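# Architecture at a glance
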Amino acid sequence: LSQPDRDALRELFERGPAPELIITGHIHRAATAQIGRVPVFICPSVHRQVELDLRREGQLRMGNDPSGIAVHLHGADPRLVSHMIPLARRMPRSG
């Protein structure tokens, strides 16, 4: 998300009831973050993962990190537990 979008979400969450957690995917890389007081969990892709590139600018490239899934258990104690499960050791590089 762009900085203005993150700021707008943070303000929205501070004004009213905020979600307990945001779980999303389709970014092709597992990650966690926080917007205001709300934790964000980004699930991995079941296919190819985006290469880790911490530069702000740059083209996204598909890498060969393992694919994976996430399983979330909600409502027990602790309130939420997330499990990351790799599906393959390494993905073959594409042409």
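The text that follows walks through the structure, step by step, so that each part is easy to find. Here the structure is a predicted model, which means the values were calculated and not measured.

About the thresholds
Residues numbered from 1 in each chain as written. Predicted model: local features only at pLDDT ≥ 70, side-chain atom pairs only at ≥ 80, totals over all residues. Heavy atoms only, no water. Helix = DSSP H or I, 4+ residues; strand = E, 2+ residues; numbered from the N terminus. Rg over C-alpha atoms; globule rule 2.2 N^0.38 Å. Buried < 20%, exposed > 50% of the residue type's maximum accessible area, 1.4 Å probe, protein only. Contact = heavy atoms within 4.5 Å. Areas by Shrake-Rupley, 256 points an atom, 1.4 Å probe, with all protein chains shown as cover. Pairing = 2+ DSSP bridges. Axes fitted to C-alpha atoms, helices over the stretch in contact; angles between N-to-C directions.

## A word on the overall build of the protein
Helix and strand counts for the protein stand at one helix and five strands. Reading the helices (α) and strands (β) of the protein from amino to carboxyl end gives α-β-β-β-β-β. The globule rule puts the C-alpha radius of gyration for 95 residues at 12 Å, and the 16 Å found for the protein is more than 25% above it. For the protein, the spread of C-alpha atoms along the principal axes amounts to about 50 × 35 × 15 Å. The 95 residues of the protein split such that 18% are buried. Long-range contacts, defined as pairs at least 24 residues apart, comprise 29% of the intrachain contacts of the protein with a sequence gap of at least 6. Summing over all exposed atoms, the protein offers an accessible surface of approximately 7,200 Å²; the carbon and sulfur share of this is 56%.

## Overview of the sheet that holds strand β2 (residues 31-35)
Here three strands make up an open sheet; going across it, the order is β1-β3-β2 and the pairing mixed. Each of the sheet's edge strands pairs with one partner strand only, and the pair in question is β1 (22-24) and β2. Strand after strand, the sheet turns through a mean of 20 degrees between neighbouring axes, direction not considered. Bridging between β1 and strand β3 (residues 38-42) involves three bridges; their strand directions are parallel. Bridging from a neighbouring strand, Ile22 pairs with Val40 of β3. Strand contacts of helix α1 (residues 3-15): β1, β2 and β3, with the helix running at about 60 degrees to β2, the strand carrying the most contacts.

## Digging into unusual backbone geometry
The phi angle of most residues is negative, glycine excepted, and most peptide bonds adopt the trans form. Here the phi dihedral of His28 falls at roughly 65 degrees; this positive angle occurs in a residue that is not glycine. By the secondary structure assignment, His28 is in the loop between β1 and β2.

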